[in-house]
Amino acid sequence: MEFDVVSYLFVPVSAFVFLYAVFTPIEQFFPAREQKFFRREWGTDFCFFLGQHLLWVGLIFALLAYFSQWVDDVMPFTFRDAVAKQPWFLQVIEVIILSDFLIYWGHRLQHRNDFLWRFHSVHHTSKDLDWIASFREHPLDALYTIGLINLPAIILGFPLHSIAAFIAFRGIWAIYIHSNITLPLGPFRLLLGSPEIHHWHHAMGRDVGNYANLSPLMDVIFGTHYCPAHFPDELGVKGREGESYLDHMINPFKSVKSSDHNSDTIKGEDHPHHDRDHHV
Ligand SMILES: [Zn+2]
Ligand SMILES: [Zn+2]
């Protein structure tokens, strides 16, 4: 098979142009912070953007398709039949609520469990947030998140293409909540996620709260909602800066080998809210 460079590059180039055209003007008109477009570590985040589009997302979805086929083969017909007999809208609502619930607890576990945190902390090393910072994710961390989000649909036997628009919306939303944008949400503050809420999730420390994505309701229900009426002063993970794209890919595996002796930088004990979710 001939390798077609033009069509291989079409997706990342058009995604970049689309996201730049949608988000950059809003970031300039409604900035959460004064920030240059080419701010510190922009190049690293651009590598993450390229890596995801050229390599990882394709691999992750190929793995998911394989897993989905395996689940189809082992799932009893009676279960699938009972699911399919429900009204269509009920199935959609079930899939959305289940995946929101799973991603909330799955994300909370990424912060609690040392092994998962080694990979998830890569996402948290951004010192500045904007739309391109949302792509800073270790591929194994992305596999975990995308797998969890799609798990209910796979188990219920719900065809992914029928909720494709919703999956795309969720993806754009994830980019929006990282953007350097502040928009007044008024009474919708507790219903809709926002950059303000998610930037607090990226504030220094490992367990600030705000693990939900689309709506902060799960955080409100489970007592992890945290959003003062301003953006946090400092973002990132203490002691983690200036790592290259390659460092970010390799370091989580190194940390596994060197056990927990150097875990100061991943405990987040410096943050005043570090024990907030121990009460729950
Ligand atoms: Zn997180
Ligand atoms: Zn984030």
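Residues numbered from 1 in each chain as written. Chains lettered and ligands numbered in written order. Predicted model: local features only at pLDDT ≥ 70, side-chain atom pairs only at ≥ 80, totals over all residues.

### Regarding the overall build of the protein chain
And step 1. A count of helical and extended segments in the protein chain gives 11 helices and 0 strands.
And step 2. Each helix and strand of the protein chain, placed in order from N terminus to C terminus, yields the pattern α-α-α-α-α-α-α-α-α-α-α.
And step 3. Of all 280 residues assigned to the protein chain, the portion counted as buried reaches 31%.
And step 4. For the protein chain, long-range pairs separated by at least 24 residues make up 74% of all intrachain contacts whose partners lie at least 6 apart in sequence. (Helix = DSSP H or I, 4+ residues; strand = E, 2+ residues; numbered from the N terminus. Buried ≥ 20, exposed ≤ 12 C-beta atoms within 10 Å, placed from the backbone. Contact = placed C-beta atoms within 7 Å.)

### Quick notes on unusual backbone geometry
And step 1. The phi torsion at Glu-41 lies on the positive side, around 60 degrees, for a residue other than glycine.
And step 2. Mapping Glu-41 onto the fold places it in the loop between helix 1 (5–29) and helix 2 (42–74).
And step 3. We classify Glu-41 as buried; it has 20 C-beta atoms within 10 Å.
And step 4. Here the phi dihedral of Asn-210 falls at roughly 60 degrees; this positive angle occurs in a residue that is not glycine.
And step 5. On the secondary structure map, Asn-210 appears in the loop between helix 8 (195–201) and helix 9 (217–222).
And step 6. The exposure class assigned to Asn-210 is buried, which follows from the 24 C-beta atoms found within 10 Å.

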